[in-house]
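# Structure assessment
So you can see what is in the structure, the chains are spelled out below.
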Amino acid sequence: MTFPVPTLPVPPVSVVGLGQLGGSLAAALAAAGRPVTGWDVDPAARDAAAARGVSITTVLTGVVVIAVPLPDLGSALAGLDLDPDATVTDVASIKGPVVAELTGVHGDRFVGGHPMCGTERSGYEATDPALFRGARWAVCLEPGTDLRRWLRVAEVAVAVGAEVVPVTAAEHDEAVAAVSAVPHLLAAALAAAAGQAGPLTLGMGAGSFTDGTRVIASDPAFVTALVTGNPATADALDRVRAQLDRPWAELVAAGHAVRTATRGRRPVRVPLDRAALLALGRAGGAVTRRLAAFVEGWVPDSPVARG
Ligand SMILES: NC(=O)c1ccc[n+]([C@@H]2O[C@H](COP(=O)([O-])OP(=O)(O)OC[C@H]3O[C@@H](n4cnc5c(N)ncnc54)[C@H](O)[C@@H]3O)[C@@H](O)[C@H]2O)c1
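Anyway, here's the lowdown on the structure attached to this text. Owing to the predicted nature of the structure, the values given are computational and were not obtained by experimental measurement.

## Side note on the environment of Val-139
Residue position: Val-139 is located in strand E10 (residues 136–140). For Val-139, a count of 29 C-beta atoms within 10 Å corresponds to the buried category. Through-space distance from the C-alpha of Val-139 to that of Val-164 is 6.6 Å; in sequence the pair is 25 residues apart. Discounting residues that sit within four places of it in the chain, Val-139 has contacts with Val-111, Gly-113, Trp-150, Val-153, Ala-154, Ala-157, Val-164 and Pro-166.

## Some thoughts on the site of the ligand
For the ligand, the set of nearby residues contains 29 residues, the closest of which are Gly-17, Gly-19, Gln-20, Leu-21 and Gly-118. Contributions of two or more residues to the shell around the ligand are made by helix H1 (20–31) and strand E9 (113–115). The element best represented in the shell around the ligand is H1, accounting for three residues.

## What to know about H1
Helix length check: H1 (12 residues) gives 16 Å between terminal C-alpha atoms against 16 Å at 1.5 Å per residue, within 8%. Where burial is concerned, most of H1 is hidden: 11 out of the 12 residues are buried. In this fold, the buried residues of H1 make contact with strand E1 (13–16), strand E2 (36–39), helix H2 (43–51), strand E5 (63–66), E9 and helix H4 (147–159). Phi for Gly-33, located one or two positions after H1, is positive at around 80°.

The rules we used
Positions within a chain are numbered from 1, following the residues in the order the chain's sequence is written. This being a predicted model, a pLDDT of at least 70 is required before a residue's local features are given, and a value of 80 or more before pairs of side-chain atoms are given or counted; all residues contribute to the totals for chains, interfaces and linings. Going along the chain from the N terminus, every DSSP run of H or I of four or more residues is numbered as a helix, and every run of E of two or more is numbered as a strand. Exposed residues have 12 or fewer other C-beta atoms within 10 Å of their own C-beta, buried residues have 20 or more, and partly exposed residues fall in between, where C-beta atoms are placed from the backbone. Once C-beta atoms have been placed from the backbone, residue pairs whose C-beta atoms lie within 7 Å are recorded as contacts. Throughout this description, a residue near a molecule or strand is one whose C-beta atom, derived from the backbone, lies within 6 Å of it. How far a helix is expected to stretch is found by multiplying one less than its residue total by 1.5 Å.

By themselves, these observations are geometric and do not establish any function.
As structure tokens, then:
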């Protein structure tokens, strides 16, 4: 016998900043038939979003997603008409400093977020409604986070096909320093060293060079903000430097083992409780669906091998 899954009312979403991330989110929600409004300082970005079914307005209600470049986060809602009951979130690539700043402005209405997706392109021309499908989306659970608001933000992420990772801002920054900030720096170093070596070297660059340097084609202002703004970048880079001091055969074997390990998934039900949700995130799992008193998600089958 099957029981109907209780359906929960979904709030409207207002997206401020309709570039790659915000334009993609607004377009994905509109395509899913969700009420979504948007605002951008650039009229061309507003027109592009409107053409994808997004209502353009400065009135912000429901879940308000700030998707502007990092330096503009604190001022992005100034002059806009923010509903006092709205839940405010963001998509910025660093969380500790952003959660501190925006909690100072919005109090417990703010819940930090960061979708782990995006390309080296930027602006509304880079809009892709499929951007979030299958991506992890970190949603911050700080000691003072209102769990009902956390769920509202998580629900928006799930609605566009993402899987939600419950995490503290500090844990987020440590993890993202290793898998995003440091790769951007290594890509820059690879590209700069090949550039110094000269045109023959650059002309020979193929798969491994192209893949290893792709991300440094991103907007330099964006990359600089994400590597310098993350308080954990320096330590994460030191850990990579230490790896490079290992005997090369040993290093290659350790990296290969991590990259090629197959990780199955085991479905789990987790109660709507901060400690239980954070434990799911720490285990490498993610939330895929909300039920009445539980979330459904998965954890890896076996612990990740550490090299
Ligand atoms: N690019 C990525 O790969 C990526 C991935 C995950 C998260 N992020 C985060 O997403 C956020 C946005 O990045 P993006 O790549 O979408 O940038 P983007 O440059 O593609 O888009 C930013 C948009 O914000 C608009 N904007 C700027 N100031 C504004 C303001 N005050 N009010 C309204 N609109 C304003 C711009 O006109 C532009 O359309 C950043 O916080 C970034 O850290 C980016």
